[in-house]
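Chain by chain, the residues:
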Amino acid sequence: MNMNDNSKERKEALAEAAGFRKEAASGKNIDSGKDAAPGQSPHKRRVRYKGTHPRKFEEKYKEHQPEKYADTIEKVIRKGSTPAGMHISICVKEILDFLQIKPGQKGLDATLGYGGHTQEMLRCLDGQGHLYALDVDPIEMAKTKARLEGLGFGPEILTIRQLNFAYIDQMAAEYGPFDFILADLGVSSMQIDNPERGFSYKHEGPLDLRLNPEKGTSAAERLKEVTQEELAGMLAENSDEPYAEEISRAVMQEFRKGREIATTTQLKDVIEKALSFIPEKERKEAVKKSCQRTFQALRIDVNSEFEVLEAFLEKLPGVLAEGGRVAVLTFHSGEDRMVKKAFKRFKKEGIYSEIAEDVIRPSAEECARNSRAKSTKMRWAVKA
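Residues numbered from 1 in each chain as written. Predicted model: local features only at pLDDT ≥ 70, side-chain atom pairs only at ≥ 80, totals over all residues. Heavy atoms only, no water.

### Focus: the packing of aromatic side chains
Next up, step 1: The final tally for this structure, using the stated rule, is eight aromatic pairs.
Next up, step 2: Between the aromatic rings of Phe165 and Phe312, the centroid separation amounts to 4.8 Å while the plane-to-plane angle is 45°, which identifies the pairing as tilted. Note that Phe165 is positioned in the loop between strand 3 (158-162) and helix 6 (168-175) and Phe312 in helix 13 (residues 305-319), a separation of 147 residues in sequence.
Next up, step 3: Residue classification places Phe165 among the buried residues on the basis of a relative accessible area of 13%.
Next up, step 4: On the numbers, 5.7 Å between centres and 80° between planes, the contact of Phe346 with Tyr352 is edge-to-face.
Next up, step 5: Connected via pairs of aromatic rings, a cluster forms that spans Tyr132, Tyr175 and Phe178.
Next up, step 6: Taking the ring centre of Tyr114 as reference, the NZ or CZ of Arg147 above it sits at 3.7 Å.
Next up, step 7: Seen from the ring of Phe346, Arg345 lies directly overhead, with NZ or CZ sitting 4.6 Å from the centre. (Phe/Tyr/Trp six-rings, centres within 6.5 Å; stacked < 30°, edge-to-face > 60°. Helix = DSSP H or I, 4+ residues; strand = E, 2+ residues; numbered from the N terminus. Buried < 20%, exposed > 50% of the residue type's maximum accessible area, 1.4 Å probe, protein only. Lys NZ or Arg CZ within 6 Å of the ring centre and 35° of its normal.)

### A short note on unusual backbone geometry
Peptide bonds are trans in most cases, and residues, glycine excluded, mostly fall at negative phi.
Next up, step 1: Geometrically, the link from Gly176 to Pro177 is a cis peptide bond, its omega value of -5° lying close to zero.
Next up, step 2: Inspection of the secondary structure puts Pro177 in the loop between helix 6 and strand 4 (178-184).

### Let's talk about a positive patch on the surface
Next up, step 1: Together, Lys202, Lys284, Lys288 and Lys374 give the surface a local cluster of positive charge.
Next up, step 2: Along the chain, the position of Lys374 falls in the loop between helix 15 (364-369) and strand 7 (377-383). (Patch = residues over 30% accessible without salt bridge, like charges linked within 9 Å, V, L, I, M, F, W, Y side chains within 5 Å. Areas by Shrake-Rupley, 256 points an atom, 1.4 Å probe, with all protein chains shown as cover. Salt bridge = Lys/Arg side-chain N within 4 Å of Asp/Glu carboxyl O. Lys, Arg positive; Asp, Glu negative; His and termini not counted. Charge placed at Lys NZ, Arg CZ, Asp CG, Glu CD.)

### Let's talk about the pairing of strand 2 (residues 130-135)
Within a regular beta strand, the side chains point alternately toward one face of the sheet and then the other, so they alternate between its two faces.
Next up, step 1: A large share of strand 2 lies buried, amounting to six of its six residues.
Next up, step 2: As paired elements, strand 1 (residues 106-109) and strand 2 share four bridges and run parallel to each other. Among the inter-strand pairings, Leu108 is bridged to a residue of strand 2, identified as Tyr132.
Next up, step 3: The handedness of the strand 1 to strand 2 crossover, carried by helix 4 (residues 116-125), is right-handed.
Next up, step 4: Across five bridges, the pairing between strand 2 and strand 3 is parallel. Across the sheet, Tyr132 pairs through a bridge with Thr159, a residue of strand 3.
Next up, step 5: Crossover connection from strand 2 via helix 5 (residues 138-150) to parallel strand 3: handedness right-handed. (Pairing = 2+ DSSP bridges. Right-handed = clockwise from strand over helix to strand, strands pointing away.)

### Side note on the nonpolar core
Next up, step 1: One finds Leu207, Leu223, Leu231, Val251 and Leu267 to be the most contacted residues of the largest nonpolar core, which totals 33 residues.
Next up, step 2: Of all the elements in the fold, those that place two or more residues in this core are helix 8 (219-225), helix 9 (228-239), helix 10 (244-256), helix 11 (264-274) and helix 12 (280-302).
Next up, step 3: Sorting elements by how many residues they give to this core places helix 12 first, with seven residues.
Next up, step 4: Counting residues in hydrophobic clusters, the runner-up holds 31 residues, among them Leu134, Leu309, Leu313 and Leu320. (Core = buried A, V, L, I, M, F, W, Y, C linked by side-chain atoms within 4.5 Å.)

### Structural notes on the pattern of salt bridges
Next up, step 1: A complete count under the given rule lists 17 salt bridges for this structure.
Next up, step 2: Linking Asp169 and Lys315 is a salt bridge whose minimum nitrogen-to-oxygen distance equals 3.2 Å. Remark: Lys315 occurs in helix 13 and Asp169 occurs in helix 6; sequence separation between them is 146 residues.
Next up, step 3: One salt bridge connects Arg210 with Asp208, and the closest N-O pair in it is separated by 2.8 Å. Comparing Arg210 with Asp208, the two get one shared label, buried.
Next up, step 4: Among the ionic contacts, a cluster of salt bridges with common partners joins Arg222, Glu225 and Asp301.

Here's what the structure looks like:
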């Protein structure tokens, strides 16, 4: 082939690519599948994005396929970030060292999530015994179940139920008592990063914050229900927000003016407005932290997280076998206080033979690799 032929082919390829971009921009269907063979699914083109790298959650097609693009996943993690649609499990070594899982035992993962901890616990069972797992999120639970089945962990070794971990007594009545239990109280990264779930002020999306979007009241609807005093109390109690009064006042002013707060960005803007009195040099960091705390407080309220945790901690002793072990990961002071208090009380009553006297934290190396591990605290207890 001569240079002219090569140049001609290149021009045709560029023209074809430009045509696809033009059709995509015009909204025409370029995935009609008219050339697909009978019985085959039509080919779907990946989401196109501006620039050299995808920025939006839905555009990061490589990160959504970790089994296919392992090198990309590792590169993202090395940078200290979490790949889109994934969750990096925290304190795995510390958890396994404490639980001392043996083949043939029966365990419960009270918070399935992405299934990272589940996968490691299943490996410890080595095909003998059984692991039960709970989650309230129907969207992520289905993905995790399929992922674990693909790794060879089917119903013969793993049972997954859509159930709030406040109801562990129901699982114990059917399958217990359990030799080991794990509860990771953090929100999974795939929930935080997905704009459609409304968990983060960093992404534009509906102000939802429900772990199970099929039930309950969204954060946007909840804001309409509370009074200014109730909202200020929620912010102070659930996240120790120092500007609770200012933020709650600003929210109510928006409603009085007939404006809605239906998206994550709208709430962020209200918080920025409420903190406009802070000196400019300090304002950006103050707004960032208040956004984090406000979203946390709303999430805790919408999902009744403190009430759920209290029920879980009260029922724990009754679902553990003698000598059974439980590990709990918490991510803010309110949760940690509840776990510490419950473990101490039950040890004093002779129900637990041992408890963690001090919290266990992830290593500096883990925190460098996964910035979301920094606030993690682990506590444990052993049934007498």
